[in-house]
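# Commentary on secondary and tertiary structure
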There are 2 protein chains.
Amino acid sequence: MPVYKAPLRDMKFLLNDVFDYPGHYASLKSGENATPDIVEAILSECGKFCEEVLSPLYQPGDEEGCKLEDGVVTTPKGFKEAYEQYAMGGWQGLSAPEEYGGQGLPASMGLLKQEMMGTANWSFSMYPGLSLGAMNTIYLHGSEDQKQTYLVPLTEGRWGGTMCLTEPQCGTDLGQVKTKAEPQADGSYKLTGTKIFISSGDHDLTENIVHIVLARLPDAPKGTKGISLFIVPKFLPDGNGGIGERNGVNCGSLEKKMGIKASATCVMNFDEATAFLIGAENEGLNCMFTFMNSARIGTAIQGVGPAELSYQWALDYAKERRSMRALSGKKDPEHVADALIHHADVRRMLLTQKAIAEGGRGMLYYAARVADHMVEGHAEGDEQKADKYDDKLGFLTPILKGFLTELGNEAANIGMQVFGGHGYIREHGMEQIARDTRIATLYEGTTGIQALDLLGRKVLLMTQGGAVREFTLIIANFARKHLTDKRLRPFAVELLKLTAQWNLLTVRIMLAARKDRDVVSAAAHDFLMYSGYVSMAYIWARQAAVAIDKLDNGGDESEEFYKAKLATAEFYYERLLPRAQTHATTMLSPSKNLMQLDAEDMSFTA
Amino acid sequence: MPVYKAPLRDMKFLLNDVFDYPGHYASLKSGENATPDIVEAILSECGKFCEEVLSPLYQPGDEEGCKLEDGVVTTPKGFKEAYEQYAMGGWQGLSAPEEYGGQGLPASMGLLKQEMMGTANWSFSMYPGLSLGAMNTIYLHGSEDQKQTYLVPLTEGRWGGTMCLTEPQCGTDLGQVKTKAEPQADGSYKLTGTKIFISSGDHDLTENIVHIVLARLPDAPKGTKGISLFIVPKFLPDGNGGIGERNGVNCGSLEKKMGIKASATCVMNFDEATAFLIGAENEGLNCMFTFMNSARIGTAIQGVGPAELSYQWALDYAKERRSMRALSGKKDPEHVADALIHHADVRRMLLTQKAIAEGGRGMLYYAARVADHMVEGHAEGDEQKADKYDDKLGFLTPILKGFLTELGNEAANIGMQVFGGHGYIREHGMEQIARDTRIATLYEGTTGIQALDLLGRKVLLMTQGGAVREFTLIIANFARKHLTDKRLRPFAVELLKLTAQWNLLTVRIMLAARKDRDVVSAAAHDFLMYSGYVSMAYIWARQAAVAIDKLDNGGDESEEFYKAKLATAEFYYERLLPRAQTHATTMLSPSKNLMQLDAEDMSFTA
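None of these values were measured; they are calculated from a predicted model. (Residues numbered from 1 in each chain as written. Chains lettered and ligands numbered in written order. Predicted model: local features only at pLDDT ≥ 70, side-chain atom pairs only at ≥ 80, totals over all residues. Heavy atoms only, no water.)

### Some points on the overall build of chain A
For the record, the criterion: Runs of H or I in DSSP of at least four residues are treated as helices and runs of E of at least two as strands, each being numbered from the N terminus. We compute the radius of gyration over the C-alpha atoms and compare it with the globule rule, which gives 2.2 Å times the number of residues raised to the power 0.38. Contacts are assigned to residue pairs that have any heavy atoms within 4.5 Å of one another. Accessibility throughout is a Shrake-Rupley quantity obtained with a 1.4 Å probe, and a residue counts as covered only by protein chains that appear here.
Scanning chain A from terminus to terminus reveals 19 helices and 11 strands. Compactness check: chain A gives a C-alpha radius of gyration of 24 Å against a globular reference of 25 Å for 606 residues, within 12% of the reference. For chain A, restricting intrachain contacts to residue pairs at least 6 apart in sequence, the fraction spanning at least 24 positions comes to 73%. Accessible surface for chain A amounts to roughly 21100 Å². Of this, 51% is attributable to carbon and sulfur atoms.

The structure is reproduced here in structure tokens:
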């Protein structure tokens, strides 16, 4: 079985050389303790944990899956021990506020941790990942008492958390939520209803599970404006940090899924469960959206992680497996055939994976800096600052989640393709990566929803194109600075063209949408993918610029490392970026070609 | 569980109106009995069998899978009974020669049957599909005695067949085959070796299994020129059409796969198994290539089938499931939300599936006419005629197999996407389609191998671009004929541009490849995909032309049917065909961006 290796050299290149995290952390209050040596020690320690503990559980966890017996969910063998190590190591509180037991490091440190954990073993990483969602929600919207009661044991990793949104009749359209919460004399509520697709809904990793649940008060307005948010603990807190009475919430069944089988996806039945309101009445969806942005960036990791993992294993295979001779002549004359890696078409596949993994990682780290500022705004109670960075992040989030998870699927499937028929066989693990990754474009808002959020909400409705203008200005300023360098000029020229085009496309869609609202939905997917390719082009150009600088002036890495960065940037611009032009063409295609057929005329087979 | 419906109206439209199969069959000797009423009766009967017998076994077959116990492979519950019905119905011999017990109908009729069976239940269709491979090989290369002994029971469906090519160390690169065949005094051979990935290698559906095996004679030349072909029956024939002694061939294990779990994929151990040479010594690979073309067209069906099945189920769901309001205003005001189908982005997904299913089906039926002529050439012993059509088919085959299976995967994944999170859950069946389809780009030659076969072999080496010139001439002639019709003109103009571009691209690659052989491998994938999009554009234009004619002059179908064809053709040209331009750009990208990195510098993670 192949084993995950933490890509620490690439991570450090991006953090230190491309995005100046040392400078960034020095500017943050939470960054006080995130000095370069501490960051390096944490990354290295986390990498070791992922390589040695989580990676070996990846395949066995898929084979065994989770079990529900007598109402109790059991995770695969080894998960409990691994989680204990994780919790004991204080990893859950890495970026959590110190006043609630966390280490108070910047949010981005948590993302780096999540990236490595999610790449080594996505299913495992779901458990602490969902807890983080609950922690963020309680931190931002809970009362001080709720923070003391729930946030502290969650931060310790002693308790786990979930986010209970989806119901059988609605996922995206949360206005249809039916779960009811009846107020009780003591100020608590009795919550009744069924939630589905609840990740980590039940498991044996923690002594308690804190469910964050969307539900309706009896007199609530219809639709999205009548949803409130509740805390429903599996065991009621005993008031001393321990657990008391069992609450009326149970796992009714486990979903049988295509992948992430070691992650328990539960149908949760709430039967007059004791619940506590969090935030204001009927403000539940607003509270939930805070969670959304961070959850979606968390999910974007699932675009990068599988690309990295699948690339690591495919590259090893391509160096070992021999088939045919390279077209340009024998490369391994002492062997019966050349290694796969000598075939240009195989390299096309491998470099696509590499460009996605390293380009996507760069996009994540770029966004993580913004997230750090937003979190700091919240921590300082500076809502203006928090909102400013939340807006910036809100533009990047759907691009990252939507685009990167689509490309993550492509990369995972390429990994299978490099293995040929062996890619389809379970023992090699390549098909598991593809199955596990497939969820990423579906949950936390499908790609279609990300696309609509980006184009319809963030770009058109909220900023009338301003979000694109702001981001393209950043890109264009970078590009102009590098026009004079002969080696960077091709990247810079292309970026300048793309920034102009991106704005032009936005305006054209905006004008078309005034006459025909369907245009927004018709163009959204292509707009999202286009935005993704251009954003990744910016990130690759930044990597290329640093590589050239280091080649000229020396850096921590070898010459080969920087040359490989430059070569991968070239590959991206010449072989992947041209896809943006297809999206540019099709996003302007009239909505008529989608809407003209009557629903009943979509098929004549019955 | 959703159920397959045979798309008979679409099939008849393509057969009767677009590709004039009645006229085509009237021109064939084997078409004597394929009169329109017989064809219709067969399609309808086959459709019923697929809908009522095979489709209900689709999901249970995946859940149960195949079992190997005490050396015996058992197929899932119901498969044996379904196969009995299939064999009793004479379906296996539909297109087989009458002198060996078949019905002597044209080869294309077999393809129509395979399409419906493969769409309803791909795993099931693998068993008779592999038998067909064995039948074709024995028919074309076997002695009369071998035909009487093996072909007759295979045609009856009483015996099954396999094709044993792959070994642990080699799949594509068959020159590395190690399996040994030792000549015996009686003219037979003792065959020893291990074959992997053997579909239908063992099962309980037939009383005997006829393995067609690639192996080496003791004094054979190295590489591909030293491979011979053998028949190795599971039970030796008793000379009276029955079975005798058990032969030394056994299923060592079943592969655990991502999908097609009801299809037994076996490791086959040959231990001094009695074998009979088929064809001439050391000519095994040539003999096998006859099988290849038909097997690859058979596999191309797996691009179309999943698109059809996934579309049928996704369309149903999109009409029922309600989420949000359409951007252009309420469509189902009496309901809490609008059906998914009213969202433009969902229609984009559904129409992509539809365009792939119906466009791909058209491509298959176009090629099947060519196959009919080739088979007739063989039957008549007219090798010149057979070769002529074999060449034509040889150009289409990699496009069909390579391009359609890539798009089949896209369509299957779109089906999951339409279902949102529910697409990931097994009970809906959408993820099974995606898992089952995933094999299609891997076996019978990966997409990379199809691409190299198309560009390197069929286009450049064998015809110096002639194959493209010949096919584009057909397309251009069609386009010119329709330039004057206002409604067809946009299709015709686009096709003329594309035919010119296709030739130009071919020449440019040919010239570049003279200086740099890697160019062929570097460009192959994009060339294949480009060829696919242009070919499908031709097929969609032909469907549009007929639809317009029928709208003007009346036809068997409703006006809505023809309008839907036209709308789907428009959709294809405006939203999918632009992808060809990205492939055109990237195929000319220098091979340097793939080859410049040292294999050791592809990663710095270790």
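### As for the interface of chain B and chain A
To keep it simple, the criterion reads: Two parts placed together each lose some accessible area under a 1.4 Å probe, and the buried area is that loss summed for both. One side-chain nitrogen of Lys or Arg within 4 Å of one carboxyl oxygen of Asp or Glu is enough to make a salt bridge. Whenever a nitrogen or oxygen atom comes within 3.5 Å of another N or O atom, the pair is scored as a polar contact, on the condition that within protein one atom can donate a hydrogen and the other can accept it, and that pairs from neighbouring residues in sequence are kept only if both atoms are in side chains.
On the chain A side, the residues contacting the 106 residues of chain B number 106 residues. With both chains or domains summed, chain B and chain A bury close to 9000 Å², and 58% of this area falls on carbon and sulfur atoms. Counting the surface chain B buries against chain A, the share from its top three residues, Y424, R575 and F604 of chain B, is 10%. Between the two partners, chain B and chain A, sit six salt bridges. A salt bridge links K256 of chain B to E63 of chain A, with the nearest nitrogen and oxygen atoms 3.2 Å apart. Here chain B and chain A share 57 residue pairs in polar contact (both at pLDDT 80 or more) between them. The biggest single contributor to the side of chain B that touches chain A is helix α17 (residues 559–576) of chain B, with nine residues.

### Focus: helix α13 (residues 447–461) of chain B
Residues and elements named next belong to chain B. Rule in force here: What is called the bend at a residue is the angle between a pair of axes, fitted to the seven residues leading up to and ending at it and to the seven starting from it. The buried label goes to any residue with under 20% of its type's maximum accessible area, the exposed label to any with over 50%, and the partly exposed label to all in between, with areas taken from a 1.4 Å probe on protein chains only.
Considering bend angle alone, the principal kink of α13 is centred on D453 and spans about 30°. Along α13, 11 of the 15 residues are buried, which leaves the element largely enclosed by surrounding structure. Inspection of α13 places T447, G448, Q450, A451, D453, L454, L455, G456, K458, V459 and L460 among the buried residues, and these make up the whole buried set.

### Looking at the pattern of salt bridges
Considering all chains together, one arrives at 71 salt bridges over all chains under this definition. Residue R325 of chain A is joined to D338 of chain A by a salt bridge in which the shortest nitrogen-to-oxygen separation is 2.7 Å. Of this pair, R325 of chain A sits in the loop between α9 (284–320) and α10 (344–379) while D338 of chain A sits in the loop between α9 and α10, and the two are 13 residues apart along the sequence. For R325 of chain A, a relative accessible area of 26% gives the class partly exposed. We note a salt bridge from E470 of chain B to K392 of chain B, for which the minimum N-O separation is 2.7 Å. Taken together, the residues E470 of chain B in helix α14 (residues 466–481) and K392 of chain B in helix α11 (residues 383–418) connect sequence positions 78 residues apart. In the salt-bridge network here, residues are joined through shared partners; they are D10, E115, E308, K354, E358, R361 and K565 of chain A.

### Comments concerning unusual backbone geometry
All names here are of chain B. Here D20, not a glycine, exhibits a phi torsion of approximately 40°, which is positive. In this fold, D20 is placed in the loop between α1 (8–18) and α2 (21–26). We classify D20 as partly exposed; its relative accessible area is 42%. Phi angles above zero are rare outside glycine, and D70 is one such case at about 50°. Residue placement: D70 occurs in the loop between β1 (67–69) and β2 (72–74).

### What about a negative patch on the surface?
Formally: Each patch groups residues whose relative accessible area exceeds 30% and which form no salt bridge, using 9 Å between like charges and 5 Å between nonpolar side chains of Val, Leu, Ile, Met, Phe, Trp and Tyr. Positive charges come from Lys and Arg, negative ones from Asp and Glu, while His and the chain ends are left out of the count. Each charge is placed at NZ for Lys, CZ for Arg, CG for Asp and CD for Glu.
On the surface, E32, E98, E99, E144 and D145 of chain A cluster together into a patch of negative charge. Owing to a relative accessible area of 54%, E98 of chain A belongs among the exposed residues under this scheme.

### Quick word on the relation of the copies chain B and chain A
The test is simple: A residue counts toward the fit only if its pLDDT is at least 70 in both copies, and the copies are then superposed by least squares on the C-alpha atoms of those residues.
The operation relating chain B to chain A is a screw motion whose rotation component is 180°, with 0.0 Å of axial translation and a residual RMSD of 0.0 Å. The superposition of one copy onto the other is thereby described by a two-fold rotation axis. Closest approach to the rotation axis among the C-alpha atoms of chain B is made by T582 of chain B, whose C-alpha sits 3.1 Å away. A shared interface surface links the copies, since 100% of the contact residues of chain B are contact residues in chain A too.

### Considering the packing of α1 of chain B against helix α10 (residues 344–379) of chain B
Residues and elements named next belong to chain B. Under the convention used in this document: Interaxial angles span 0 to 180 degrees and are taken between N-to-C directions of axes, which are lines fitted to C-alpha atoms, for helices over the stretch in contact. In this scheme, roughly parallel covers angles under 35 degrees and roughly antiparallel covers those over 145, while 65 to 115 is roughly perpendicular and the rest are oblique. In this scheme the handedness of a crossing depends on how the near helix is turned from the far one: anticlockwise by less than a right angle means left-handed, clockwise means right-handed. The residue classification treats Ala, Val, Leu, Ile, Met, Phe, Trp, Tyr, Cys and Pro as nonpolar and Asp, Glu, Lys and Arg as charged. All others, Gly included, are polar.
Contact geometry of α1 with α10 gives a least axis separation of 10 Å together with a crossing angle of 40°. When the axes of α1 and α10 are compared, the pair comes out oblique. In the packing of α1 onto α10, the handedness of the crossing is right-handed. For the pair α1 and α10, contact is made by D10, M11, L14 and L15 and by E358, R361, G362 and Y365, respectively. The residue makeup of the contact of α1 with α10, split by class, is four nonpolar, one polar and three charged.

### So, the UniProt feature "domain: Acetyl-CoA dehydrogenase-like C-terminal" (unreviewed entry) in chain A
Defined as follows: UniProt positions are given in the numbering used here, feature names are shortened, and annotations may be inferred rather than shown by experiment.
Those residues carrying the UniProt feature "domain: Acetyl-CoA dehydrogenase-like C-terminal" (unreviewed entry) are residues 478–598 of chain A in this numbering. Its end C-alpha atoms 48 Å apart, residues 478–598 of chain A is made of 81% helix and 0% strand.

### Quick look at the packing of aromatic side chains
The relative placement of two aromatic rings is captured by the distance of their centres and the angle of their planes. Residues and elements named next belong to chain A. To be explicit about the condition: Here the aromatic set is Phe, Tyr and Trp, taking the six-membered ring for Trp, and pairing holds for ring centres within 6.5 Å; pairs whose planes are under 30 degrees apart are stacked, those over 60 apart are edge-to-face, and all others are tilted.
By the definition in use, this model includes 54 aromatic pairs over all chains. Ring centres of W502 and Y530 lie 6.3 Å apart, and the angle between their planes is 75°; on these two criteria the pair is classed as edge-to-face. Linking W502 in helix α15 (residues 489–515) with Y530 in helix α16 (residues 518–553), this pair joins segments that are 28 residues apart in sequence. Each member of the pair, W502 as well as Y530, carries the same accessibility label: buried.

### Looking at the pairing of strand β6 (residues 208–215) of chain B
All names here are of chain B. Let me state the cut-off plainly: A pair of strands counts as paired when DSSP detects no fewer than two bridges linking them.
A large share of β6 lies buried, amounting to eight of its eight residues. Taking every second residue as pointing to the same face, both faces of β6 are buried, with N208, V210, I212 and L214 on one and I209, H211, V213 and A215 on the other. In this sheet, β6 lies alongside strand β3 (residues 159–164) in parallel orientation, the contact comprising six bridges. Each residue of the ladder has a partner; that of C164, found in β6, is V213. Sheet topology places β6 next to strand β7 (residues 228–233); six bridges connect them, and they run antiparallel. What sits directly across from V213, in β7, is F230.

### A word on the side chain of E557 of chain A
By the secondary structure assignment, E557 of chain A is in the loop between α16 and α17 (559–576). Discounting residues that sit within four places of it in the chain, E557 of chain A has contacts with R9 and Y562 of chain A.

### Section: the state of the cysteines
Each disulfide consists of a covalent bond between the sulfur atoms of two cysteine residues. Condition: Note on disulfides: each one is a pair of cysteine sulfur atoms within 2.5 Å.
In total, this model carries zero disulfides over all chains according to the counting rule given. The structure places no disulfide on C50 of chain A, whose sulfur is separated from the nearest cysteine sulfur, that of C46 of chain A, by 4.1 Å. Its relative accessible area of 0% is what places C50 of chain A among the buried residues. Just so you know, C170 of chain B is unpaired, no disulfide at all, and the nearest cysteine sulfur is the one on C164 of chain B, 13 Å from it.

### Structural notes on α11 of chain B
Residues and elements named next belong to chain B. Selection rule: How far a helix is expected to stretch is found by multiplying one less than its residue total by 1.5 Å.
Here α11 spans 49 Å end to end across 36 residues, near enough to the 52 Å set by a 1.5 Å rise per residue. The sharpest bend along α11 reaches about 30° and sits at L396, with the proline P398 one to four residues further on. The first or second residue beyond α11 is G420, which carries a positive phi of 60°.

### With respect to the packing of α11 of chain B against helix α16 (residues 518–553) of chain B
All names here are of chain B. Relative orientation of the contacting elements α11 and α16 amounts to 90°, with a least axis distance of 9 Å. Between α11 and α16, the angle falls in the class roughly perpendicular. Facing α11, whose interface residues are P398, I399, G402, F403, L404, E406 and L407, α16 presents L528, M529, S531, G532, Y533, S535 and M536. Looking at the contact of α11 with α16 residue by residue, the class counts come to nine nonpolar, four polar and one charged.

### Brief notes about the environment of D387 of chain B
Residues and elements named next belong to chain B. For D387, the location among the structural elements is in helix α11. D387 sits in the partly exposed class, given a relative accessible area of 41%. Measuring from C-alpha to C-alpha, the distance between D387 and V375 comes to 10.0 Å, with 12 residues separating the pair along the chain.

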